[in-house]
Amino acid sequence: MTSTIPAPRTPRRLRGRTNTELYAWMFMRASGVLLVVLIFGHLFVNLVTGDGINALDFAFVAGKWADPLWQVWDLLMLWLAMLHGTNGLRTVINDYAERDQLRLWLKVGLYTATTITIVLGTLVIFTFDPCPPDAAAELLPSFCPVP
Amino acid sequence: MPKAPAGTLYRGREGMWSWVAHRVTGIGIFFFLFAHILDTALVRVSPEAYNEVIATYKNPIVGLMEVGLVGAIVFHAFNGLRIVLVDFWSKGPRYQKQMFAAVLGLWVLLMVPFVIRHLSHVFGG
Ligand code: HEM
């Protein structure tokens, strides 16, 4: 049986190949640049300004989320950081977990944890009540109606 | 007298060590983020539950760990920008070493004031 060598410069077969890894690579860089702004802003407002970490409590969070800017900020940060970190860990798993079964289960665990945290975090941002009716008034932000 | 081999550690210089540190910090930040989303979700449970857990962040030992966390994030962020420049800036690969020096320099420049401010919050009450 003879085998023929393809003529030079015939296009490589592309069937079944996708650009997923290219998009993931681009996403790591684009999300990274955005995350610098989002995370540095987050750390500055929560840890550096005012009383820093000592000011953090329920009323602080409620005060921030009363402003749609911080809702969008935290939502973007949640999604971008989780997807960026998850894709980064996918790379790490691909590098070190050599057995097919182990690699599969590590990824199943990773994607499950990611889905749960993104859904939970998103729900929290959108269903959050800054003035829960049965809470002690001194724990609430000052704009809550006094009973 | 023959000398013993001087060790077999592969010395990859700036390129390798920045990669190692980028990977280690990335993994560490991810696990913290996971915990941080769960603790923040407690605002949906009750103000008391949230305040109680957030109080642990104000503990001095945890306060020192926060310095480590912020240090990891700042390194990962600056080195991530260096990676982007290596990939997209035509002179990036040529200046990767200098940019790594810049990453370390900027890291010190940002961390010194941050550590002073944060630790005075943590220990100054
Ligand atoms: C602060 C802004 C950030 C920037 C500029 C940034 C940038 C980058 C870049 C450019 C990469 C390399 C991707 C590649 O080689 O294809 C990367 C990898 C990674 N990042 Fe980030 N990142 C940031 C924040 C984060 C956060 C918040 C997390 C965790 C949730 C994270 C976790 C990771 C992980 C686990 C990797 C994979 C490391 C590896 O493959 O060795 N990064 N980051």
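Analysis parameters
Numbering of residues starts from 1 in every chain and runs along the sequence as written. Here every chain gets a letter starting at A, and every ligand a number starting at 1, in the order they are written. This being a predicted model, a pLDDT of at least 70 is required before a residue's local features are given, and a value of 80 or more before pairs of side-chain atoms are given or counted; all residues contribute to the totals for chains, interfaces and linings. The side-chain quantities take in all heavy atoms of the structure and omit both hydrogens and water. Secondary structure elements are taken from DSSP: a helix is a run of H or I of four residues or more, a strand is a run of E of two residues or more, and numbering for both begins at the N terminus. Computation of the radius of gyration draws on C-alpha atoms alone. For the globule rule, the value is 2.2 Å times the number of residues to the power 0.38. UniProt positions are given in the numbering used here, feature names are shortened, and annotations may be inferred rather than shown by experiment. When at least one non-hydrogen atom of a residue lies within 4 Å of a molecule or strand, that residue is treated as near it. Nitrogen and oxygen atoms within 3.5 Å of one another constitute a polar contact, given that in protein one can donate a hydrogen and the other can accept it, and given that sequence-neighbouring residues count only through two side-chain atoms. Patch membership requires over 30% relative accessible area and the absence of a salt bridge. Like charges are linked within 9 Å, and nonpolar side chains (Val, Leu, Ile, Met, Phe, Trp, Tyr) within 5 Å. All accessible areas in this document rest on Shrake-Rupley with a 1.4 Å probe, and a residue is counted as covered only by the protein chains that are shown. Definition used for salt bridges: Asp or Glu carboxyl oxygen within 4 Å of a side-chain nitrogen of Lys or Arg. Charge convention: Lys and Arg are scored as positive, Asp and Glu as negative, and His as well as the terminal groups of each chain are ignored. Charge positions are represented by NZ for Lys, CZ for Arg, CG for Asp and CD for Glu. Think of it in three bands: residues with accessible area under 20% of the maximum for their type are buried, residues over 50% are exposed, and the middle band is partly exposed, with areas taken using a 1.4 Å probe on protein chains only. Only heavy atoms enter the contact rule, under which two residues are in contact if any of them lie within 4.5 Å. Three classes are used, and their members are as follows: Ala, Val, Leu, Ile, Met, Phe, Trp, Tyr, Cys and Pro are nonpolar, Asp, Glu, Lys and Arg are charged, and the others, Gly among them, are polar. Site definitions follow a grid-based scheme: protein atoms alone, a 1 Å grid, a 1.4 Å probe that fits but cannot get out for cavities, and for pockets an open set with protein on both sides within 12 Å along at least five of seven lines, plus lining residues having an atom within 4 Å of a point. Grid points are joined across faces, edges and corners, and a volume is the space filled by probe spheres set on the points. In this listing, donors mean N, O and S atoms no farther than 2.8 Å from the metal, or 3.2 Å for Na, K and Ca; water is missing from the atoms, so a site can look incomplete. Think of it this way: with four donors and all angles in the 85 to 135 degree range, the site is tetrahedral; with four or six donors, opposite ones beyond 155 degrees and the rest between 65 and 115, it is square planar or octahedral; otherwise it is irregular. Residues belong to a common nonpolar core when they are buried Ala, Val, Leu, Ile, Met, Phe, Trp, Tyr or Cys residues joined through side-chain atoms within 4.5 Å.

Some points on the overall build of chain B
Here is step 1 of the chain: The number of helices and strands found in chain B is four helices and zero strands.
Here is step 2 of the chain: Moving toward the C terminus, one meets the helices and strands of chain B in the order α-α-α-α.
Here is step 3 of the chain: Taking 125 residues into account, the globule formula puts the C-alpha radius of gyration at 14 Å, and chain B, at 20 Å, lies well above it.
Here is step 4 of the chain: Its C-alpha atoms give chain B principal-axis dimensions of roughly 65 × 50 × 25 Å.

Concerning the UniProt feature "transmembrane region" (unreviewed entry) in chain B
Here is step 1 of the chain: As recorded in UniProt, the sites labelled "transmembrane region" (unreviewed entry) are residues 20–38, 58–78 and 99–116 of chain B.
Here is step 2 of the chain: Here residues 20–38 of chain B is 100% helix and 0% strand, with 28 Å between the C-alpha atoms at its ends.

Digging into the site of the ligand
Here is step 1 of the chain: Around the ligand there are 25 residues in total, and Arg 29 and His 84 of chain A together with His 22, Arg 23 and His 76 of chain B lie nearest to it.
Here is step 2 of the chain: A distance of 3.0 Å separates an oxygen atom of the ligand from a polar side-chain atom of Arg 29 of chain A.
Here is step 3 of the chain: At 2.8 Å, a side-chain N or O of His 84 of chain A approaches a nitrogen atom of the ligand.
Here is step 4 of the chain: Element by element, the count of residues in the shell around the ligand is highest for helix H1 (residues 13–40) of chain B, at eight residues.

With respect to a negative patch on the surface
Here is step 1 of the chain: Taken together, Asp 134 and Glu 138 of chain A together with Glu 48 and Glu 52 of chain B make up a surface patch of like negative charges.
Here is step 2 of the chain: Residue position: Glu 52 of chain B is located in helix H2 (residues 47–57).
Here is step 3 of the chain: Classification of Glu 52 of chain B by relative accessible area gives exposed; the value is 61%.

Some words on the interface of chain A and chain B
Here is step 1 of the chain: Contacts between the two partners involve 47 residues from chain A, matched on the other side by 39 residues from chain B.
Here is step 2 of the chain: Between the two partners, chain A and chain B, sit two salt bridges.
Here is step 3 of the chain: Salt-bridge contacts for Arg 29 of chain A lead to Asp 87 of chain B; the nearest nitrogen and oxygen are separated by 2.6 Å.
Here is step 4 of the chain: Linking chain A with chain B are 10 residue pairs in polar contact (both at pLDDT 80 or more), by the criterion used here.
Here is step 5 of the chain: Going through the elements one at a time, helix H1 (20–48), helix H2 (58–65), helix H3 (68–96) and helix H4 (100–127) of chain A are the ones with two or more residues in the side of chain A that touches chain B.
Here is step 6 of the chain: Classifying every residue of the side of chain A that touches chain B gives 30 nonpolar, 13 polar and four charged.

As for the UniProt feature "binding site: heme" (unreviewed entry) in chain B
Here is step 1 of the chain: In this numbering, the UniProt entry assigns the feature "binding site: heme" (unreviewed entry) to His 76 of chain B.
Here is step 2 of the chain: Along the chain, His 76 of chain B turns up in helix H3 (residues 60–88).
Here is step 3 of the chain: Ignoring any residue separated from it by four or fewer positions in sequence, one finds His 76 of chain B in contact with His 84 of chain A together with His 22, Thr 25, Gly 26 and Ile 29 of chain B.
Here is step 4 of the chain: At a separation of 3.2 Å, a polar atom in the side chain of His 76 of chain B contacts the main-chain carbonyl oxygen of His 22 of chain B.

Remarks on the layout of surface pockets
Here is step 1 of the chain: Space inside the second largest pocket adds up to approximately 220 Å³.
Here is step 2 of the chain: Contributing to the lining of the second largest pocket are Phe 40, Leu 43, Phe 44 and Val 48 of chain A together with Val 70, Val 74, Leu 110, Pro 113 and Phe 114 of chain B.
Here is step 3 of the chain: Going through the elements one at a time, H1 of chain A together with H3 and helix H4 (96–124) of chain B are the ones with two or more residues in the lining of the second largest pocket.
Here is step 4 of the chain: For the lining of the second largest pocket, the leading source of residues is H1 of chain A, giving four residues.
Here is step 5 of the chain: Tallied by class, residues from the lining of the second largest pocket come to nine nonpolar, no polar and no charged.

Re the coordination of the iron atom of the ligand
Here is step 1 of the chain: Around the iron atom of the ligand, the protein contributes the donor atoms His 84 of chain A (NE2) and His 76 of chain B (NE2), which lie 2.0 to 2.1 Å from the metal centre.
Here is step 2 of the chain: Between the six donor atoms coordinating the iron atom of the ligand, the angles at the centre fall across 86 to 180 degrees, so the site counts as octahedral. Remark: His 76 of chain B occurs in helix H3 and His 84 of chain A occurs in helix H3; the pair is interchain, linking two chains.
Here is step 3 of the chain: A residue is classified by how much of its surface remains accessible, and His 76 of chain B, at 16% relative accessible area, is buried.

Notes on the nonpolar core
In a soluble, globular protein the nonpolar side chains are often hidden away together inside.
Here is step 1 of the chain: If you look at the biggest cluster of nonpolar residues, it comprises 52 residues, and the most contacted ones within it are Leu 35, Phe 58, Trp 65 and Met 82 of chain A together with Val 43 and Val 70 of chain B.
Here is step 2 of the chain: Per-element accounting of this core gives the leading share, 10 residues, to H3 of chain A.
Here is step 3 of the chain: Excluding residues that lie within four positions of it along the chain, Val 70 of chain B makes contacts with Leu 43 and Leu 47 of chain A together with Met 111 and Phe 114 of chain B.

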